[in-house]
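# Structural features, examined
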Amino acid sequence: MSEQKKKLSIIMFSGTIEKLISLGIFVSSATAAGYEVNLLFLGMALLNVTKKGIKKQPAPIDKNYEKSGPILMKRLQELKYPVWYQQIEEAKKTGKVKVFACNKAMELSGIKKEDLADFVDDVIEPEAFFNIAEGGITLFI
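This write-up is about the structure you can find in this document. (Residues numbered from 1 in each chain as written. Predicted model: local features only at pLDDT ≥ 70, side-chain atom pairs only at ≥ 80, totals over all residues. Heavy atoms only, no water.)

### Quick look at the overall build of the protein chain
For clarity, the threshold we go by: Where helices and strands are cited, they refer to DSSP runs of H or I of at least four residues and of E of at least two residues respectively, numbered from the N terminus. For this measure, only C-alpha atoms enter the radius of gyration; the expected value for a globule follows 2.2 Å times N^0.38, where N is the number of residues.
The helix and strand tally for the protein chain stands at seven helices and five strands. Listing the helices and strands of the protein chain from first to last along the sequence gives β-α-β-α-α-α-α-β-α-β-α-β. For 141 residues, the compact-globule formula gives about 14 Å, and the C-alpha radius of gyration of the protein chain, at 15 Å, lands near that figure. Projected onto its principal axes, the C-alpha positions of the protein chain cover 50 × 35 × 25 Å.

### Some words on the pattern of salt bridges
Under the convention used in this document: Put simply, a salt bridge is a Lys or Arg side-chain nitrogen that is within 4 Å of an Asp or Glu carboxyl oxygen. Any residue under 20% of the maximum accessible area for its type is buried, any over 50% is exposed, and the rest in between are partly exposed; the area is computed with a 1.4 Å probe on protein chains only.
Counted according to the given criterion, the structure contains seven salt bridges. Lys 92 is the salt-bridge partner of Asp 121, the closest N and O atoms lying 2.6 Å from each other. Taken together, the residues Asp 121 in the loop between helix H6 (103-109) and strand S4 (122-124) and Lys 92 in helix H5 (residues 84-92) connect sequence positions 29 residues apart. Classification of Asp 121 by relative accessible area gives partly exposed; the value is 34%. Lys 113 is the partner of Asp 122 in a salt bridge, and the nearest nitrogen-oxygen pair spans 3.7 Å. Through salt bridges with shared partners, a single network forms among Glu 18, Lys 19 and Asp 62.

### Considerations on helix H4 (residues 69-78)
Keep this limit in mind: Note that the arc is defined by the directions from the helix axis to the C-beta atoms. Contacts between residues were defined by any pair of non-hydrogen atoms, one from each residue, lying within 4.5 Å.
For H4, the complete set of buried residues consists of Gly 69, Met 73 and Leu 76. Mapping the buried residues of H4 onto a view down its axis gives an arc of 65°, with all of them on the same face. Residues of H4 that are exposed and point over 90 degrees away from its buried face: Ile 71 and Lys 74. On its buried side, H4 packs onto helix H1 (17-32). Backbone geometry just downstream of H4 places Lys 80 in the positive-phi region, at approximately 55°.

Set out below in structure tokens:
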């Protein structure tokens with residue numbers, strides 16, 4: 001019997017910092033546990049994987065976390081915790097992480113391929129991501 005490949009696919013829609021921090025943690029933890037990780041950025045999250053968006057970090061805080069968000073950000077800085085996209089870049093070095101941007105979301109947002117951060121591997125259609133994600137765990141954030 002062949003061993004089933006462990007796979008985590010995350011559709012990243014939210015562009016708020018507390019969710020991006022969670023994404024970094026999920027990606028780092030999953031690769032450490034031997035998972036293949038696939039990320040699809042669309043919606044407001046897509047803006048954060050542009051070269052311009054990376055320079056504007058930290059991303060906005062969700063209104064539900066307005067009071068606790070600044071405390072979290074201060075604590076992360078004190079701990080010298082890597083920024084969410086640095087965690088993704090580090091995890092990509094394992095060869096187990098692929099980062100995709102949704103072509104339809106890019107078209108709606110007016111984002112071109114050359115606008116994307118260097119760690120984005122490719123621009124794909126949602127249908128292609130569903131095929132990549134098949135057979136694993138899929139999260140929508």
